[in-house]
Amino acid sequence: ELGLRIAVGSTRMKIWSRLNSEGLLLLTFAAVPAAIICFNIGRMSADEGIAGWGATRFLITFGITYLLMAIMILIGVFFPAMQAIRIHPAEALHEE
């Protein structure tokens, strides 16, 4: 698919940004429901007096976790993206 995009005129930078944005978008789609669930679990445990919990602590830990996962996704996308970007358009069309 990426080779065909190169063959029809997409730049390598557009493909690079598309792969990165897809990974981060999937992270966001997974993080929103997870944040809601974690917020409710934290609030319930705070009501029972189990753990020290606060909205500020939740936001800080959620932000740090999101950032670390985004870095892992960008690193994980880097190597396949480099291989996909190096495909020559004629080779991609030949394989299709």
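Residues numbered from 1 in each chain as written. Predicted model: local features only at pLDDT ≥ 70, side-chain atom pairs only at ≥ 80, totals over all residues. Heavy atoms only, no water.

(A) Spotlight on the overall build of the protein chain. Counting its regular elements, the protein chain contains four helices and zero strands. Rg of the C-alpha trace for the protein chain: 20 Å, well past the compact-globule value of 12 Å for 96 residues, more than 25% over. Overall, the C-alpha framework of the protein chain stretches about 65 × 20 × 15 Å when taken along its three principal axes. Across the 96 residues that make up the protein chain, the buried fraction comes to 21%. Across the protein chain, every contact between residues at least 6 apart in sequence was considered, and the portion connecting residues at least 24 apart equals 71%. (Helix = DSSP H or I, 4+ residues; strand = E, 2+ residues; numbered from the N terminus. Rg over C-alpha atoms; globule rule 2.2 N^0.38 Å. Buried < 20%, exposed > 50% of the residue type's maximum accessible area, 1.4 Å probe, protein only. Contact = heavy atoms within 4.5 Å.)

(B) Region of the structure containing the pattern of salt bridges. With the rule as written, the count across this model stands at one salt bridge. For Arg-18, the salt bridge goes to Glu-22, with nearest N and O atoms at 3.3 Å. Remark: Glu-22 and Arg-18 occur in helix 2 (residues 12–47); sequence separation between them is four residues, near one turn of the helix. (Salt bridge = Lys/Arg side-chain N within 4 Å of Asp/Glu carboxyl O.)

(C) Spatial organisation of the nonpolar core. The biggest cluster of nonpolar side chains holds nine residues, and these are Leu-2, Ile-6, Ile-15, Trp-16, Leu-19, Val-77, Ala-81, Ala-84 and Ile-85. Sorting the residues of this core by element identifies helix 1 (2–7), helix 2 and helix 3 (55–85) as the ones contributing at least two each. Per element, the largest residue contribution to this core is four residues, and it comes from helix 3. Beyond its immediate stretch of four places on either side in the chain, Val-77 contacts Leu-19 and Asn-20. (Core = buried A, V, L, I, M, F, W, Y, C linked by side-chain atoms within 4.5 Å.)

(D) Main features of a nonpolar patch on the surface. On the surface, Ile-60, Ile-64, Leu-67, Leu-68, Ile-71, Ile-75, Phe-78 and Phe-79 cluster together into a nonpolar patch covering about 790 Å² of accessible area. In this structure Phe-78 comes out as partly exposed when scored by relative accessible area, which is 35%. (Patch = residues over 30% accessible without salt bridge, like charges linked within 9 Å, V, L, I, M, F, W, Y side chains within 5 Å. Areas by Shrake-Rupley, 256 points an atom, 1.4 Å probe, with all protein chains shown as cover.)

(E) Representation of the packing of aromatic side chains in the model. Going through the model one piece at a time under the given rule, you end up with five aromatic pairs. Between Phe-58 and Phe-62, the aromatic rings sit 6.0 Å apart at their centres with planes inclined by 15°, giving stacked as the arrangement. Taken together, the residues span about one helical turn, with Phe-58 and Phe-62 both in helix 3 at a distance of four residues. Judged by relative accessible area, which is 13%, Phe-58 ranks as buried. Ring geometry for Phe-78 and Phe-79: centres 5.1 Å apart, planes at 80°, overall edge-to-face. The class for Phe-79 is exposed, based on a relative accessible area of 56%. (Phe/Tyr/Trp six-rings, centres within 6.5 Å; stacked < 30°, edge-to-face > 60°.)

(F) Up close: the side chain of Asn-20. Structurally, Asn-20 can be placed in helix 2. The exposure class assigned to Asn-20 is buried, which follows from its relative accessible area of 15%.

(G) Here's a closer look at helix 3. For helix 3, spanning 31 residues, the distance from its first C-alpha to its last is 43 Å, which sits close to the expected 45 Å at 1.5 Å a residue. The largest bend in helix 3 comes to about 35°, at Phe-78, with the proline Pro-80 one to four residues further on. Every buried residue of helix 3 is accounted for by Phe-58, Ala-70, Val-77, Ala-81, Ala-84 and Ile-85. (Expected span 1.5 Å × (residues − 1). Bend = angle between axes of the 7 residues up to and from the residue.)

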